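# Coordinate analysis (summary)
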Amino acid sequence: MVWNLGLIYVSPKNKDEKAITKLLDLAYLAKNIIDYLDSVGEKETTKEIYKLVLLMGNEEQKKEAEFYLAKLSYGSLDEMEKQDGRDKMQWLASEDYPPALMFLGFLYSRELYADKNRVREYYEKALNSMGKEEYREYKERDILWDIYNIDYWEKNNRKNNYHLLEKAKCDENVLDEDDDIALCSINLAEHYVESGKYDKAKDIYERILRYDSDNIFSLSGLGDIYYKGLGERQDLAKEYYGKACDLKYQEACDLFREVNEKIR
């Protein structure tokens, strides 16, 4: 059997690693189409591509194919297929395969009464297993951000975990369009404000505003720096609070009025 997928020609006798990598790229693209369109046809095509990789790929390529086949099965209506996928995902996790550990950590974190220790264990194991490898959907910074978020609503724990955001280099990736990275940057900037590191916070907020001029958290954050932090440019505090207030951020509106009263 020879598979003809666009410009990719592979057969069991032609185990070209570049061709198989292209197959994985194609399968991932098809998987994303499934996520958005829930297309049965695309799902079957994607499965077939991954199964071909299982026959021809190297060890890492096969693991990636196993992972996505298992992940696809979680949405199956066939209970046997779904259970088989769960078993494979657990097996991959037992092999310390970072994407599987991340996937299960994320899955368990969404449970109603999530066991935080269990979730943290999966994430930290993924982090320790990753080394210098980069995976298609999972990067070190994503794991660090997810670990940070386990205790997000517990302020003291959140304060103690800001080093994770620094390790994730959230201050260097503020121009990343990924929403999680933007939130990561804002959280780190807030920590810098609370710690009196106003220059570092100011740098992050200003860089965010270069590509998102209506970011209310950055506008309000700069207002805080000039009003509560540096306390030397209340005219600028009023300006930034005013911009955030115009965007319907009530807290900024309250602070705008407060500053306005002081500088009259």
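These numbers were taken from a predicted model, which means no experiment stands behind them.

Another aspect to go through is the state of the cysteines. What the rule picks out here adds up to two disulfides. One disulfide in the model links C170 with C184; its S-S distance is 1.6 Å. In this structure the cystine formed by C170 and C184 twists about its S-S bond by roughly 55 degrees; its chirality is therefore right-handed. With C170 in the loop between helix 9 (162-167) and helix 10 (179-194) and C184 in helix 10, this pair connects stretches of sequence that are 14 residues apart. Across the pair, C184 and C170 agree in class, each one buried. There is a disulfide in this structure between C245 and C253, and the S-S distance comes to 2.1 Å.

UniProt records the feature "repeat: TPR" (unreviewed entry) at residues 182-215, using the numbering of this structure. Strand forms 0% of residues 182-215 and helix 79%; the C-alpha atoms that close the span are 10 Å apart.

Before going further, it helps to examine the packing of aromatic side chains. Under the criterion given, the structure shown has eleven aromatic pairs. Between the aromatic rings of Y50 and Y68, the centroid separation amounts to 5.7 Å while the plane-to-plane angle is 10 degrees, which identifies the pairing as stacked. Placement of Y50 in helix 2 (residues 40-56) and of Y68 in helix 3 (residues 59-73) is noted, with a sequence separation of 18 residues between them. Here Y68 falls in the buried class, since its relative accessible area comes to 2%. Between Y74 and F103 the ring centres are 5.0 Å apart and the planes differ by 80 degrees, which places this aromatic pair in the edge-to-face class.

The end-to-end C-alpha separation of helix 3 is 21 Å, in line with the 21 Å expected for 15 residues at 1.5 Å each. Along helix 3, eleven of the 15 residues are buried, which leaves the element largely enclosed by surrounding structure. Buried residues of helix 3: Q61, K63, E64, A65, F67, Y68, L69, A70, K71, L72 and S73, and no others. Capping of helix 3 at its N-terminal end is provided by N58; its side-chain oxygen lies 3.1 Å from the backbone amide nitrogen of E60.

Conventions and cut-offs
- Every chain is numbered independently, its residues counted from 1 as its sequence is written.
- Per-residue local features are limited, in this predicted model, to residues with pLDDT of at least 70; the limit for side-chain atom pairs, both in listing and counting, is 80 or more; totals at the level of whole chains, interfaces and linings are taken over all residues.
- Each side-chain value is derived from all of the structure's non-hydrogen atoms; neither hydrogens nor water enter the calculation.
- Working definition: a disulfide is two cysteine sulfur atoms within 2.5 Å of each other.
- For the purposes of this entry, the term helix denotes a DSSP run of H or I that reaches at least four residues, the term strand denotes a run of E that reaches at least two, and both are numbered from the N terminus.
- When a residue's accessible area, from a 1.4 Å probe over protein chains only, is under 20% of the maximum for its type it is buried; when over 50% it is exposed; and in between it is partly exposed.
- UniProt positions are given in the numbering used here, feature names are shortened, and annotations may be inferred rather than shown by experiment.
- Stacked, tilted and edge-to-face are the three classes applied to pairs of Phe, Tyr and Trp rings, where Trp contributes its six-membered ring and a pair requires centres within 6.5 Å; stacked means planes under 30 degrees apart, edge-to-face means over 60, and tilted covers the rest.
- What a helix is expected to span follows from its residue count: subtract one and scale by 1.5 Å.
- Whenever a nitrogen or oxygen atom comes within 3.5 Å of another N or O atom, the pair is scored as a polar contact, on the condition that within protein one atom can donate a hydrogen and the other can accept it, and that pairs from neighbouring residues in sequence are kept only if both atoms are in side chains.

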